[in-house]
Amino acid sequence: MNKKLLSFPYAVWAFVFILIPLGMIFFYGLTDKTGAFTLENVTAISSPGHLKALALSVGLSFLSTLLCLLFAYPLAYILSHLKGGGMGIIIALFILPMWMNSLLRTLAWQTILEKTGVLNSLLSLAHLPPLQIINTPYAIILGMVYNFLPFMILPIYNSLTKIDPNVVSAAYDLGADTFQVFLRVILPLSGSGIISGITMVFVPALTTFVISTLLGGSKILLIGNVIEQEFTQANNWYLGSGLSMVLMVFIIINMVVSAIFDRDGEGSIV
Amino acid sequence: MEKELITLSHISKAFGAQPVLDDLTLHIRENEFVTLLGPSGCGKTTTLRILGGFETPDAGQVIFDGKDITNLPPNKRQLNTVFQKYALFTHLDVAENIAFGLKVKKKDNAYIQSKIDYALNLVGLKGFEHRMPDSLSGGQQQRIAIARAIVNEPKVLLLDEPLGALDLKLRQDMQYELIRLKNELGITFVYVTHDQEEALTMSDTIVVMNQGYIQQIGTPEDIYNEPVNAFVADFIGDSNIMDGIFVQDKLVEILGVKFNCVDMGFGKNKPVDVVIRPEDVELISLDKEGSASSEEGLTGVVTDVIFKGVHYEMCVMANGFEWIVHSTTMFPVDTKVKITVHPYNIQIMNKPESEDEEAVSIDE
């Protein structure tokens, strides 16, 4: 049977659900209401309000990615050294939340962080002052880290388990101490996992509007919220598409950088 | 004789409930090529890992150059390991791999560069400095692994089945190369393998191990010609191993026929193991007219002939035992033959004094 024939359903899928929407984004992004070509929708990013939202998005995504990396690496390292039956259970514990709707999980955080929420009730029980976390950038970072942590753990875990234990032994054998072994062997050999993890956390964090809407309140606008509002509230598809294209540039830069570093293709999505 | 460099003293090691080494004692001299030989699971690799510092023995001591190093971590030991499947750093090029040990010891760049040049020259891979390990063949990777170890000027090089992943021709080339390297470097090699031919080719001393015990220590010639028990005889080369009865000094009964031998002191009418190497069995055809007419002694029938290049390998059924015989003369299948063995080539061994013996006799 012709192999090209087998790929036909996917080609249809890709055309209808990937190429056409992408083409529409480009079409709307580069035209105005009269249908004439314009770059205004793209250059609109330079307006102070949009720039502020973009800068905040990039900043919060960067911080969240960094925090995810700091939490995920030691965890993935411990996981990769576990043996036997316990390992499956612990890995399942980290993957399990991914099976639940992220909207639902973010709503749960809303309940916990609210002014009269679970956290503050517990604090008042302990006679501690309440914490104002909801509707701050901290709440958004918390939501991002919580939602995207598994996407950082898994590629790092994968790359760590692929390291031949003999290579680590060889480094010790050649006189390296524990710190040198980590810095010169384990860290570089897990680099591809780190790069994949960064991509898989940074990209969804940069584009999210659900987390910022639910945990950031209406005052904190990320670029994702701005684009969403252009589509749903202002009904200005032209501006929404133009801003989306700007965001795409950031995502493409991120992916190109990962593709350069991630030569092993550790769960790469490029 | 060179002075003693390493002593493994009464080493025991178990993984969980599984004992791997039991009260193992071994002396290794300076500039010696020692091979730990045995089937998988015999404890040879564990012994090497204890030497390298990757395992700590449950009991016993490792003495190196007069100092107790039993609990010294691997990075503090004056020995280097060449690992099975090379274990090269895939993120570093050849030069960086070789320089690894020197860099962590903070040697200066000029020294490191001279060492890289020296080592690449020694293993015949000059000009490979900036190749990545993945782009090298198995044999080349093995040479880099050796180069990476020797630039640290270890007193002992530990090699864990380093040729196991190479094809036959390359393996034979590397055997000669390892011998050359050892002679050039003038250091001690401790080599682990399950390949008896490799062991016989390269070693000064062979340590035959089985189930955590040393079975025999000796030169390749000793091990081959004078195996101390049936296990060693069976493991090293092909052998005919039979139950025999030591009738009296210089006389042993094999398969109901008495043979002259040279051994003495095994008692009278005592059950023993008898080992005869296939190349030591002589066949005389009884089919040809005018050939040795006497039908006395052990006679049998050729059941199988395989041409092996240098010699023929034949199976001869005689008194219920299938003999393996190597000979440059071919006897066709179904030839009736008389089996003779020179007394000097009959190796008599005491039966092991364990429950194994009973198990064997019940099986029969």
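About the criteria used
- Residues numbered from 1 in each chain as written.
- Chains lettered and ligands numbered in written order.
- Predicted model: local features only at pLDDT ≥ 70, side-chain atom pairs only at ≥ 80, totals over all residues.
- Helix = DSSP H or I, 4+ residues; strand = E, 2+ residues; numbered from the N terminus.
- Buried ≥ 20, exposed ≤ 12 C-beta atoms within 10 Å, placed from the backbone.
- Contact = placed C-beta atoms within 7 Å.
- Pairing = 2+ DSSP bridges.
- Axes fitted to C-alpha atoms, helices over the stretch in contact; angles between N-to-C directions.
- Nonpolar A, V, L, I, M, F, W, Y, C, P; charged D, E, K, R; others polar.
- Parallel < 35°, antiparallel > 145°, perpendicular 65-115°, else oblique.
- Left-handed = near helix turned anticlockwise from the far one by under 90°.
- pLDDT = per-residue confidence, 0-100.

## Quick look at the overall build of chain B
And step 1. A tally of regular secondary structure across chain B gives nine helices and 20 strands.
And step 2. Principal-axis analysis of the C-alpha atoms gives chain B an extent of 80 × 45 × 40 Å.
And step 3. Out of the 364 residues belonging to chain B, those deemed buried represent 38%.
And step 4. Long-range contacts, defined here as pairs at least 24 residues apart, represent 65% of the contacts in chain B between residues at least 6 apart.

## Comments concerning helix H9 (residues 165-173) of chain A
Helical geometry note: an α-helix holds 3.6 residues per turn, so side chains three or four residues apart project in the same direction.
And step 1. Taken as a whole, H9(A) has its buried residues at Val167(A), Ala170(A), Ala171(A), Tyr172(A) and Asp173(A).
And step 2. In the segment just after H9(A), Gly175(A) is the residue with positive phi, at about 105°.

## Describing the sheet that holds strand S20 (residues 347-350) of chain B
Hydrogen bonds along the backbone pair up the strands of a sheet, which may run parallel or antiparallel.
Residue and element names in this part refer to chain B.
And step 1. Spatial strand order, S13-S12-S11-S14-S20: five strands in an open sheet with antiparallel pairing. If you trace the sheet from one side to the other, it starts and ends with strand S13 (257-260) and S20, each paired once. Neighbour-to-neighbour, the strand axes of this sheet turn through a mean angle of 40°, independent of strand direction.
And step 2. In this sheet, strand S14 (residues 270-276) lies alongside strand S11 (residues 240-248) in antiparallel orientation, the contact comprising seven bridges. Bridged to Asp243 within S14 is Asp273.

## Observations regarding the interface of chain B and chain A
How big an interface is tends to be expressed through the accessible area that disappears when the partners come together.
And step 1. With 17 residues of chain B at the interface, the matching set in chain A holds 15 residues.
And step 2. Among the elements of the structure, strand S6 (79-82) and helix H2 (94-104) of chain B are those that each provide at least two residues to the side of chain B that touches chain A.
And step 3. In terms of residue count, H2(B) provides more of the side of chain B that touches chain A than any other element does, three residues in total.
And step 4. For the side of chain B that touches chain A, the per-class residue count stands at seven nonpolar, eight polar and two charged.

## Thoughts on the packing of helix H13 (residues 223-232) of chain A against helix H14 (residues 237-261) of chain A
Residue and element names in this part refer to chain A.
And step 1. Packing of H13 against H14 brings their axes to within 7 Å, and their N-to-C directions diverge by 155°. By the angle between their axes, H13 is roughly antiparallel relative to H14. The hand of the H13/H14 crossing is left-handed. Here Ile223, Val226, Ile227, Glu230 and Phe231 of H13 lie close against H14, whose contacting residues are Trp237, Leu239, Gly240, Leu243, Ser244 and Leu247.
And step 2. Its residues assigned to classes, the contact of H13 with H14 comprises eight nonpolar, two polar and one charged.

## Some words on the confidence of the model for chain B
Residue and element names in this part refer to chain B.
And step 1. Of the residues in chain B, 94% have a pLDDT of 70 or more, and the chain-wide mean is 89.
And step 2. Throughout residues 355-364 the model reports pLDDT below 50, and contacts reaching past four residues in sequence, or to other chains, amount to two contacts.
And step 3. Here the predicted complex carries an ipTM of 0.79, next to a pTM of 0.79.

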